[in-house]
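Below are the chains, spelled out letter by letter.
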There are 4 protein chains.
Amino acid sequence: MGGTMDGTRQRRRGDTRQRIQDVALELFAEQGYEKTSLREIAERLEVTKAALYYHFKTKEEILVGIFEDLTRPVDDLVAWGREQPHTLETKREILRRYEAALSAAAPLFRFMQENQATVRELRIGDSFKERMLGLRDILIDPEADLVDQVRCASAMFTLHAGMFVLRDLDGDPGEKREAVLEVAIDLVTQAHRGTGRP
Amino acid sequence: MGGTMDGTRQRRRGDTRQRIQDVALELFAEQGYEKTSLREIAERLEVTKAALYYHFKTKEEILVGIFEDLTRPVDDLVAWGREQPHTLETKREILRRYEAALSAAAPLFRFMQENQATVRELRIGDSFKERMLGLRDILIDPEADLVDQVRCASAMFTLHAGMFVLRDLDGDPGEKREAVLEVAIDLVTQAHRGTGRP
Amino acid sequence: MGGTMDGTRQRRRGDTRQRIQDVALELFAEQGYEKTSLREIAERLEVTKAALYYHFKTKEEILVGIFEDLTRPVDDLVAWGREQPHTLETKREILRRYEAALSAAAPLFRFMQENQATVRELRIGDSFKERMLGLRDILIDPEADLVDQVRCASAMFTLHAGMFVLRDLDGDPGEKREAVLEVAIDLVTQAHRGTGRP
Amino acid sequence: MGGTMDGTRQRRRGDTRQRIQDVALELFAEQGYEKTSLREIAERLEVTKAALYYHFKTKEEILVGIFEDLTRPVDDLVAWGREQPHTLETKREILRRYEAALSAAAPLFRFMQENQATVRELRIGDSFKERMLGLRDILIDPEADLVDQVRCASAMFTLHAGMFVLRDLDGDPGEKREAVLEVAIDLVTQAHRGTGRP
DNA sequence: CATGAATGAGGATTCATTCAT
DNA sequence: TATGAATGAATCCTCATTCAT
């Protein structure tokens, strides 16, 4: 049952908590939150279900842990954004950084996107919505033309969906990312035309 | 326990199947597919779980039924689109009609969007993906610039997400729909600039 | 697995709910509430655990059901007592009837006595306490001498404990019941001496 | 996290065993034995569950420890009683001393009373029953009238139940204790009338 | 058309206990 | 003296599904 003296066991010491989160995220992203059972997670880690409970109080807490660890960059981004002037360049920079954050934690964000109904009921649902609204408030100017507001929202959707839906489009991943970002930036830029702002 | 002679019961005769689908969709959209139990559906209809099984072979079949009933328009749209020349005007028309189809069956599409992980594992997952790819093939020109391909994809995301995410933006629903459609059409139009096509 | 054509199975139809309560009470009284698992109850009935849940929403509800069925007489007794004048004869009659009620549902009351800590946390705890206080208010005169108040309380304890603790004293059960009742009545009678009341 | 140099931690050294027992008894009495988990005890003491196992071999042993420490007086009482002549005065003295013992270890006896079903299955169940029978043999004369035997038993019930049930009766605790004792002694005294004994 | 009764599989969670350090 | 990490067995409960009536 699992390596004995070859280091496998050794290295497992102390990092079990992390390993649980890794495996859990993998399975959550693959099959969805509800369809992933703690039994499955435990089996893949070659530990017992009870071991999971040593590290996390509930199934939900496992997800919360992952979420908190991985979304800090977005948190910081929102905080940073709030303090910047709402110029076009700020918005572009927001999109660039946001794209980077999404890419860095792609599995989590894929999970969030594909399990919205579930996430909404969970503790993280609110935190997440708040972040989204934070970004929205920075990107969208409430006094702009409605169509331009939609353009900015659309820039976000593009980033979100682009990450995952474009996987089955062929082409170099790096190039695709760049293309997605370009379209998003373009949308925000167009939204700024006509306003007399910088 | 349900009216007797006042018509409530009467009208219920024969349309139970439909009523099941209505309630099911309502709950699926509200709470997600997995978190909605047959018990819940049955209770809300004031029938027994067994009654559901008289009308549908499995829980999944309930969803399949809803899906088939409500996505025929999209099916037809794809079929129609395939026979049209891939001109810009065709694409615009596709977007217009697609937007209309989404609006007409908003709860279902909201459900599909928020339960992607679940839907993927279900029988309807494939049908749905096929339709999506059908639309994509019409909207996206594989020989176009990558950025322009993304623009077309983005037009679809905008339609999808715009439907639901914009609900908490204030403004007249009709106007919002129009704005969303305009942005989508705009994206497709931009994607056509530069190509020497009509 | 249980008789097939000999009537055992037949008779089981329809009375499963009652059979669950019977077996449950038996086990609750024997081993305590917490130490009795639903698995055990189900096994003894040769049904599945899930069958129990068809008839009762929770483990606690099984007990609630038993309790409600079996304590109605005490309920009625309290109601009756409240409308009587607080004379000595009323009190004697209360004790007589209470003793009868306890005997009629001996296993339940034994259970209640031996699982007070558990019962207190359960939904029935309050109902039960209320009944007890109801009886107390009838039996105990708050203006009487403290010692006489204790005498009346003691009459109740005697009835309660007498039922069960005296099981291992030898002698005819009927005679023992009578003796217990006599002591209880005696206590109440003594408590009345000295008061100028009837 | 627990004082460091202020004496709190200091004083804790060495008396952990006692502190475990104190907290355990508190919780056992409050919630019952089964519903009190070692986790809970450990948490309240700000130690780990494993620490409990350093001091006690099992959960049951914690209770055994408490029991042995606190019931020695009753033990002694029984031993003393056995060597006395079975006179009325002896019985009165037994009741007086027993009442004192119960009061001194009220939480434990409250626990025993409210968790009879549990205690019966535990190792201490037998020891306890033995003590009770010891007292009974001293108080009850097997050749006496059945009613008088019940009177003596009732004296014990009164002491037991009086301790706890009378808590919500108002009045000075000291006076209540005296009243309870008086009733108990009275019962035993009455049981002696008619016998030609001293 | 629909129900009442039941099942089998599986869910998350909790517990007392162990043991190397 | 204690802890950190883990286990195995059990818990209550829920679910989709079945079938005789």
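Visitor: How would you sum up the overall build of chain A? Please name residues and give values.
Guide: Scanning chain A for helices and strands turns up 11 helices and zero strands. Ordering the α and β elements of chain A from the N terminus gives α-α-α-α-α-α-α-α-α-α-α. Expressed as lengths along the three principal axes of its C-alpha atoms, the size of chain A is roughly 70 × 35 × 25 Å. Partitioning the intrachain contacts of chain A with sequence separation of at least 6 by distance along the chain shows that 68% fall at a separation of at least 24. Here chain A displays about 10,000 Å² of accessible surface, and carbon together with sulfur accounts for 49% of that area. The centroid of the 30 positive side-chain charges in chain A is displaced by 4 Å from the centroid of its 35 negative side-chain charges.

Visitor: So what about the relation of the copies chain A and chain B? Which residues, and what values?
Guide: With an RMSD of 0.1 Å, the operation that places chain A on chain B is a rotation of 180° combined with a shift of 0.0 Å along the axis. Those values place the two copies in the arrangement expected of a two-fold rotation axis. Residue Asn115(A), judged by its C-alpha, is the member of chain A lying nearest the rotation axis, at 2.7 Å. In this assembly the copies share their binding face: 100% of the residues contributing to the interface of chain A also contribute to that of chain B.

Visitor: Residues and numbers for helix 6 (residues 88-104) of chain C, please.
Guide: Residues and elements named next belong to chain C. Helix length check: helix 6, at 17 residues, gives a terminal C-alpha distance of 24 Å against a target of 24 Å (1.5 Å per residue), a fit within 8%. Within helix 6 the residues assigned to the buried category are Leu88, Thr90, Lys91, Ile94, Leu95, Tyr98, Glu99, Ala101 and Leu102. Against the buried residues of helix 6 lie helix 5 (59-83), helix 7 (106-114), helix 9 (123-139), helix 10 (146-165) and helix 11 (173-192).

Visitor: Hey, could you go over the relation of the copies chain D and chain C for me, with residue numbers and the actual values?
Guide: Least-squares fitting of chain D to chain C yields an RMSD of 0.1 Å, with the transformation described by 0.0 Å of translation along the axis and a rotation of 180°. Comparing contact sets, 100% of the residues at the interface of chain D also lie at the interface in chain C, consistent with an isologous, same-surface contact.

Visitor: Just give me the short version of the nonpolar core, but keep the residues and values in it.
Guide: In this structure, Ile41(A), Leu95(A), Phe111(A), Ile41(B), Leu95(B) and Phe111(B) are the most contacted members of the largest nonpolar core, which totals 130 residues. Non-local contacts of Ile41(A), meaning those with residues more than four positions away in its chain, are made with Ile20(A), Val23(A), Ala24(A), Leu27(A), Phe28(A), Thr36(A) and Leu52(A). Listed in part, the 129 residues of the second largest apolar core include Val23(C), Val183(C), Phe67(D) and Val180(D).

Visitor: With reference to specific residues and values, describe the interface of chain A and chain B.
Guide: When the parts of a complex come together, some accessible area is lost, and that lost area is often used as the size of the interface. Contacts between the two partners involve 40 residues from chain A and, on the opposite side, 40 residues from chain B. Taken over both partners, the interface formed by chain A and chain B buries close to 3,300 Å², and the fraction arising from carbon and sulfur atoms is 61%. One can count four salt bridges joining chain A with chain B. Between Arg120(B) and Glu114(A) there is a salt bridge, with its nearest N and O atoms 2.2 Å apart. Put simply, chain A and chain B have 13 residue pairs in polar contact (both at pLDDT 80 or more) between them. Where the side of chain A that touches chain B is concerned, the elements lending two or more residues are helix 2 (16-31), helix 7 (106-114), helix 8 (116-121), helix 9 (123-139), helix 10 (146-165) and helix 11 (173-192) of chain A.

Visitor: So what's going on with unusual backbone geometry? Residues and values would help.
Guide: All names here are of chain A. Non-glycine residue Glu46 carries a positive phi angle of around 55°. Along the chain, Glu46 turns up in the loop between helix 3 (38-45) and helix 4 (49-55). Given a relative accessible area of 46%, Glu46 falls into the partly exposed group.

Visitor: I'd like to hear about the pattern of salt bridges, residue by residue, with values.
Guide: Summed over all chains, the structure comprises 56 salt bridges over all chains. For the salt bridge of Arg96(C) with Glu93(C), the shortest nitrogen-to-oxygen distance reads 2.6 Å. Separated by three residues within a single helix, Arg96(C) and Glu93(C) lie in helix 6, roughly one turn from each other. Here Arg96(C) falls in the partly exposed class, since its relative accessible area comes to 32%. Salt bridges sharing common partners tie together Glu89(A), Arg92(A), Glu93(A), Arg96(A) and Arg97(A).

Visitor: An account of the protein's contact with DNA strand E is needed here, citing residue identities and associated values.
Guide: Taken together, the neighbourhood of DNA strand E is formed by 34 residues, with Tyr53(A), Thr48(B), Thr48(C), Tyr54(C) and His55(C) sitting nearest. What you see for DNA strand E is that sugar and phosphate hold 62% of its atoms within 4 Å of the protein. Between Lys59(A) and DNA strand E, the recorded distance is 2.8 Å, taken from a backbone N or O atom to a phosphate oxygen. The side chain of Thr48(C) places a nitrogen or oxygen atom 2.6 Å from a phosphate oxygen of DNA strand E. Of all elements in the fold, only helix 3 and helix 4 of chain A, helix 4 (49-55) of chain B, helix 4 (49-55) of chain C together with helix 3 (38-45) and helix 4 (49-55) of chain D reach the threshold of two or more residues within the surface near DNA strand E. Partitioned by chemical class, the residues of the surface near DNA strand E number 14 nonpolar, 12 polar and eight charged.

Visitor: Account for the side chain of Thr36(C), with residues named and values stated.
Guide: All names here are of chain C. Positionally, Thr36 belongs in the loop between helix 2 (16-31) and helix 3 (38-45). Residue Thr36 is classed as buried on the basis of its relative accessible area, which comes to 0%. Here the side chain of Thr36 touches Leu27 through a polar contact of 3.3 Å, landing on its backbone oxygen. Those residues in contact with Thr36 that lie beyond four places of it in its chain are Leu27, Phe28, Gln31, Ile41 and Lys59.

Visitor: Residue-level account of the interface of chain D and chain C, with values.
Guide: At the junction of the two partners, chain D supplies 40 residues and chain C supplies 41 residues. With both sides pooled, the region where chain D packs onto chain C buries about 3,300 Å², and carbon together with sulfur makes up 61% of that total. Three residues stand out in chain D for area buried against chain C, namely Glu114(D), Leu146(D) and Phe157(D), and they jointly supply 16% of the buried area on that side. Counting across the interface, chain D meets chain C through four salt bridges. As a salt-bridge pair, Arg151(D) and Asp186(C) come within 2.6 Å of each other at their nearest N and O atoms. At the boundary of chain D with chain C, the tally comes to 14 residue pairs in polar contact (both at pLDDT 80 or more). If you list the elements that add at least two residues to the side of chain D that touches chain C, you get helix 2 (16-31), helix 7 (106-114), helix 8 (116-121), helix 9 (123-139), helix 10 (146-165) and helix 11 (173-192) of chain D. If one sorts the elements of the side of chain D that touches chain C by residue count, helix 10 of chain D sits on top with 12 residues.

Visitor: Please give an account of the protein's contact with DNA strand F that cites residues and values.
Guide: Around DNA strand F sit 34 residues, and of these Thr48(A), Tyr54(A), His55(A), Tyr53(C) and Thr48(D) come closest. Within 4 Å of the protein, the atoms of DNA strand F are drawn from sugar and phosphate moieties in a proportion of 64%. Here Lys59(B) contributes a side-chain N or O atom positioned 2.8 Å from a phosphate oxygen of DNA strand F. Tyr53(C) is positioned with one of its side-chain polar atoms (N or O) 2.6 Å from a phosphate oxygen of DNA strand F. Put simply, the parts of the chain that give the surface near DNA strand F at least two residues each are helix 4 of chain A, helix 3 (38-45) and helix 4 of chain B, helix 3 and helix 4 of chain C together with helix 4 of chain D. By residue class, the composition of the surface near DNA strand F is 14 nonpolar, 12 polar and eight charged.

Visitor: Lay out the packing of helix 5 of chain C against helix 6 of chain C with the relevant residues and their values.
Guide: Residue and element names in this part refer to chain C. Close contact between helix 5 and helix 6 brings their axes to 10 Å; oriented N to C, the two are set at 170°. Viewed along their axes, helix 5 and helix 6 adopt a mutual orientation that is roughly antiparallel. Taking contact as the criterion, the partners of Pro73, Val74, Leu77, Trp80 and Gly81 in helix 5 are, on helix 6, Glu93, Ile94, Arg97, Tyr98 and Ala101. Of the residues contributing to the contact of helix 5 with helix 6, the split by class is seven nonpolar, one polar and two charged.

Visitor: Residue-level account of the confidence of the model for chain A, with values.
Guide: Looking at chain A, pLDDT values average 90 and 91% of them are 70 or higher. Note on residues 1-11 of chain A: pLDDT is under 50 here. Beyond four places in sequence and across chains, it has nine contacts.

Visitor: Please give an account of helix 2 of chain A that cites residues and values.
Guide: Here helix 2 of chain A is 16 residues long and its end C-alpha atoms lie 22 Å apart, about the 22 Å a rise of 1.5 Å per residue gives. Looking one or two residues beyond helix 2 of chain A, the residue adopting positive phi is Gly32(A), at roughly 95°.

What counts and what doesn't
Residues numbered from 1 in each chain as written. Chains lettered and ligands numbered in written order. Predicted model: local features only at pLDDT ≥ 70, side-chain atom pairs only at ≥ 80, totals over all residues. Heavy atoms only, no water. Helix = DSSP H or I, 4+ residues; strand = E, 2+ residues; numbered from the N terminus. Contact = heavy atoms within 4.5 Å. Areas by Shrake-Rupley, 256 points an atom, 1.4 Å probe, with all protein chains shown as cover. Lys, Arg positive; Asp, Glu negative; His and termini not counted. Charge placed at Lys NZ, Arg CZ, Asp CG, Glu CD. Least-squares fit on C-alpha atoms with pLDDT ≥ 70 in both. Expected span 1.5 Å × (residues − 1). Buried < 20%, exposed > 50% of the residue type's maximum accessible area, 1.4 Å probe, protein only. Core = buried A, V, L, I, M, F, W, Y, C linked by side-chain atoms within 4.5 Å. Buried area = accessible area lost by both parts, 1.4 Å probe. Salt bridge = Lys/Arg side-chain N within 4 Å of Asp/Glu carboxyl O. Polar contact = N/O pair within 3.5 Å; in protein donor to acceptor, adjacent residues only side chain to side chain. Near = heavy atom within 4 Å. Nonpolar A, V, L, I, M, F, W, Y, C, P; charged D, E, K, R; others polar. Axes fitted to C-alpha atoms, helices over the stretch in contact; angles between N-to-C directions. Parallel < 35°, antiparallel > 145°, perpendicular 65-115°, else oblique. pLDDT = per-residue confidence, 0-100.

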